[in-house]
Amino acid sequence: MTLLDGKSLSAMIEEDLHKQISSLAAQGITPGLAVILVGDNPASCAYVQMKAKACKRVGIYSVTHEMPNTITQEELLSTIAMLNQNPNIDGILVQLPLPTHIQSAKVLEAIHPQKDVDGFHPFNIGRLSVNLDTFVPATPLGVMNLLKHYHIDVSGKDVVIVGMSNIVGKPLCALMLNAGASVSCCHILTRDVSAYTKNADIVCVGVGKPNLITQDMIKQGAIVIDIGINRLESGALVGDVDFSNVAPKCSFITPVPGGVGPMTIATLLQNTYKAALYRLEQRTKI
């Protein structure tokens, strides 16, 4: 059994990015990332702080717009419009979830597609679905980069994805299909998830339920990608997989923490750098 070490790989990605961003700065461009944080959800606040620290490590300028839970949708859209027009901001992301009185879909669609470093805009999702170059959501792209780093070719493999969110499951399904995998998608209405996972070469799960994937649901030698993250009453962080019992059956498995999580932030940084390259490209055309 081999652990898919996202923490080490993310450090390597950050090291490479620091060099690339330094080179870009020499051409007069510093990548800029704007984060919009609505409310004081502890998990969201912690995640935003982690993003800010990661930006600082690689040389990305970052700014966080903190807004109260009571902010109106119109005020939020106005801030996004302002950031869309700011030439020094290459990437814009809105930390989810948003308060219930705000339509998340409308807010995400307001971000200019070339600044949509989260990859949630319908324009970018559409390009992903037909395998064109675009911004891809950071978590699923981080999964694919982690597999690539460990020389795991998904082409021809039977892949099961448990959890069909717009942020993780659906774009990961598209990425796997684009890479040549045969993909089965399980969700809350799937009657027997184990009927799919038992024969899968690769199982990816991200639903937010501890111990959802158990030993009897995985075949010997399977590859398991645990995208879930849950905090137990003891304070421990765990994924959606019963790690201690499932890991011995696996050829590869991601730990939680230290697996997919660090790859999400590293990939977001890569997307921000990519957006800055668009700015450089536009400048050279003038």
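Keep in mind the model is a prediction, meaning the values are calculated, not measured.

Quick look at the sheet that holds strand S5 (residues 158-162)
Taken together, the six strands give an open sheet; going across it, the order is S1-S11-S8-S7-S5-S6, and neighbouring strands pair in parallel fashion. Only two strands of the sheet have a single partner each, and these edge strands are strand S1 (2-3) and strand S6 (182-186). Strand direction decides the pairing type here: S5 and strand S7 (residues 202-205), joined by four bridges, are parallel. Residue pairing across strands places Val 160 opposite Val 203, the latter belonging to S7. Each of S5, S6 and S7 touches helix H7 (residues 169-178); the most contacted strand, S5, lies at about 170 degrees to it.

Focus: a nonpolar patch on the surface
On the surface, Met 1, Leu 3 and Phe 243 cluster together into a nonpolar patch covering about 280 Å² of accessible area. Along the chain, the position of Leu 3 falls in strand S1. Taking the relative accessible area as the measure of exposure, Leu 3 reaches 40% and is therefore partly exposed.

With respect to the pairing of strand S11 (residues 250-253)
Where S1 and S11 come together, two bridges link them in parallel fashion. Of the residues in S11, the one forming a bridge with Thr 2 is Phe 252. As paired strands, strand S8 (residues 222-226) and S11 are joined by three bridges and run parallel to one another. Pairing of Ile 223 across the sheet is with Phe 252, part of S11.

Remarks on the UniProt feature "binding site: NADP(+)" (unreviewed entry) in the chain
When the UniProt feature table is mapped to this numbering, "binding site: NADP(+)" (unreviewed entry) covers Gly 163, Met 164, Ser 165, Ile 188 and Ile 229. Here Ser 165 is to be found in the loop between S5 and H7. Positionally, Ile 229 belongs in the loop between S8 and strand S9 (230-231). Residues in contact with Ile 229, not counting those within four places in the same chain, are Leu 237, Val 238, Gly 239 and Val 256.

With respect to the UniProt feature "domain: Tetrahydrofolate dehydrogenase/cyclohydrolase catalytic" (unreviewed entry) in the chain
Following the UniProt record, the feature "domain: Tetrahydrofolate dehydrogenase/cyclohydrolase catalytic" (unreviewed entry) maps to residues 4-118 here. Between the end C-alpha atoms of residues 4-118 there is a gap of 23 Å, over a span that is 50% helix and 16% strand.

Regarding the pairing of S6
The sheet contact formed by S5 and S6 spans five bridges and is parallel. Across the sheet, residue Val 159 finds its bridge partner in S6, namely Val 183.

Considerations on the domain arrangement of the chain
Annotation of the chain at the domain level lists domain 1 (29-114) and domain 2 (138-261). Distance between the C-alpha centres of domain 1 and domain 2: 28 Å.

So, how was this worked out
- Residues numbered from 1 in each chain as written.
- Predicted model: local features only at pLDDT ≥ 70, side-chain atom pairs only at ≥ 80, totals over all residues.
- Heavy atoms only, no water.
- Pairing = 2+ DSSP bridges.
- Helix = DSSP H or I, 4+ residues; strand = E, 2+ residues; numbered from the N terminus.
- Contact = heavy atoms within 4.5 Å.
- Axes fitted to C-alpha atoms, helices over the stretch in contact; angles between N-to-C directions.
- Patch = residues over 30% accessible without salt bridge, like charges linked within 9 Å, V, L, I, M, F, W, Y side chains within 5 Å.
- Areas by Shrake-Rupley, 256 points an atom, 1.4 Å probe, with all protein chains shown as cover.
- Salt bridge = Lys/Arg side-chain N within 4 Å of Asp/Glu carboxyl O.
- Buried < 20%, exposed > 50% of the residue type's maximum accessible area, 1.4 Å probe, protein only.
- UniProt positions renumbered as here; feature names shortened; annotations may be inferred.
- Domains from an automatic or database assignment.

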